[in-house]
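Understanding the architecture of this molecule
Here is what each chain is made of, one letter per residue.
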Amino acid sequence: MTLNLELRSVSKIFANGDGVRDASIQIVQGEIHALVGLNGAGKSTLMRLMLGMKTPDSGAIEINGVPFAQVPAQRWARAGHLIEYPLTYQELSVRQNLVLSAMLRGLDLDAASDACDVIIDKLSLNKFAERRTGELSLGNRQRVGLAAALQHDPDLIILDEPTNALDPSGIILLRNVLLERAAAGASVLVSSHHLDEVSRIANRITVINAGQVIGSLEPGQPEIEQAFFSLVHAHSEELQS
């Protein structure tokens, strides 16, 4: 099934004035879409809205043309996400956490075990598989969180700053898995403030600043960081004028 997630003129404003305003963005099948912005720009809020973790004040969110509130619950079993921090049971092993996560997404025990074995290998978690997650370094806990989000071959993937705490080998392993999932037809959205990394894999790059979508960047373009900061600076000056 073609997966098309669309936000049209969505706003969510918090009591302190932060949030997102009139944001429109589309995530389509077979693409890696990067959402970039400075810390506090609204990336995490926008992703929470896409996943139903927050309810918009206004605007429309649709999946394949179906309004968000009418999307069946089983549709979300085909999604994989990691927003800000990996959530694990610290007293359980890596393998136990991953099998449990896969079963919560509808896989039976055998299928969950198989999926767990595959992702453990892809993200090089083999030597940590039987260790309690509470004993792991921050970077390896991040790998476990990513493994949980990716192991069931989701067709919608939403990852917030997924390379946080990862070492270079972990970044390369994640990159390969995301490219593999997109090639298989998944719709992928990743947020980051590391332009050089997302530019390597993204088909589209959307820039957000102060809660507003302010433009786009061409993946692989020369001086992409300069282009990003020019967009952000111009928008920030516009807000102050």
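Before going into details, it helps to say that this report is about the structure given with it. For every chain, the first residue of the written sequence is number 1, and numbering continues from 1 along that sequence. Totals for whole chains, interfaces and linings use every residue, but because this is a predicted model, local features are given only for residues with pLDDT of at least 70 and side-chain atom pairs only at 80 or more, for both listing and counting. Heavy atoms from the whole structure form the basis of all side-chain values; hydrogens and water molecules are not counted.

Now for the pairing of strand E8 (residues 187-192). Among the 6 residues that make up E8, 6 are buried, leaving the element largely enclosed by the rest of the structure. Strands are labelled as partners when DSSP assigns at least two bridges between them. Put simply, DSSP H or I for four residues or longer makes a helix, DSSP E for two residues or longer makes a strand, and each gets a number counted from the N terminus. Strand direction decides the pairing type here: strand E3 (residues 32-36) and E8, joined by 5 bridges, are parallel. Paired with leucine 35 across the bridge in E8 is serine 191. Examined bridge by bridge, strand E7 (residues 156-160) and E8 share 5 bridges and lie parallel to one another. Note on E8: the bridge partner recorded for isoleucine 157 is valine 188. When accessible area is computed with a 1.4 Å probe and restricted to protein chains, residues below 20% of their type maximum are described as buried, those above 50% as exposed, and intermediate ones as partly exposed.

Here the focus is the sheet that holds strand E4 (residues 58-63). Taken in spatial order, the 4 strands of this open sheet run E2-E1-E4-E5, and their pairing is antiparallel. At either end of the open sheet lies a strand with only one pairing partner, and these are strand E2 (19-28) and strand E5 (66-67). Pairing of strand E1 (residues 4-13) with E4 involves 5 bridges; the strand directions are antiparallel. Of the residues in E4, the one forming a bridge with leucine 7 is isoleucine 61. Each of E1, E2 and E4 touches helix H1 (residues 43-50); the most contacted strand, E1, lies at about 120 degrees to it. Residue contacts are defined here by distance: any two heavy atoms, one from each residue, within 4.5 Å place the two residues in contact. Axes here mean lines fitted to C-alpha atoms, for a helix over just the part in contact, with angles spanning 0 to 180 degrees between N-to-C directions.

Moving on to the nonpolar core. Each nonpolar core is a collection of buried residues, namely Ala, Val, Leu, Ile, Met, Phe, Trp, Tyr and Cys, held together in the definition by side-chain atoms within 4.5 Å. Counting residues in each nonpolar core, the largest one holds 45 residues, and the members touching the most others are Val36, Leu98, Leu123, Leu159, Leu178, Val188 and Val190. At 6 residues, helix H4 (residues 138-150) tops the list of elements feeding residues into this core. Once you skip the residues sitting within four places of it in the chain, leucine 178 turns out to touch Ile32, Leu150, Ile157, Leu159, Val188, Val190 and Ile201. With 24 residues, the next largest nonpolar core counts Leu3, Ile27, Ile158 and Leu189 among its residues.

A separate point is the side chain of glutamate 62. Turning to its location among the elements, glutamate 62 is positioned in strand E4. Accessibility expressed as a relative area gives 18% for glutamate 62, which makes it buried. Within 3.5 Å is the distance limit for a polar contact, defined as a pair of N or O atoms, with the added protein rule that one can donate a hydrogen and the other accept it, and that residues adjacent in sequence qualify only through two side-chain atoms. Of the polar contacts made by the side chain of glutamate 62, one reaches the side chain of arginine 8; its length is 3.2 Å.

The next thing to look at is helix H3 (residues 109-122). With 14 residues, H3 should cover 20 Å at 1.5 Å per step; its first-to-last C-alpha distance of 20 Å lies within 8% of that length. Within the sequence span of H3, burial applies to Ala112, Ala115, Cys116, Ile119 and Ile120. Buried positions in H3, seen along its axis, are confined to an arc of 135 degrees and lie on one side of it. Across H3 from its buried face, at more than 90 degrees, point the exposed residues Asp110 and Asp121. As for H3, its buried residues are in contact with helix H2 (94-104) and H4. You can read the cap of H3 off the contacts: a side-chain oxygen lies 3.2 Å from the backbone nitrogen of aspartate 110, and it is on aspartate 108. Take the number of residues in a helix, subtract one, and multiply by 1.5 Å to get its expected span. This arc is taken over the directions from the axis of the helix to the C-beta atoms.

This is a description of form; function is not addressed.
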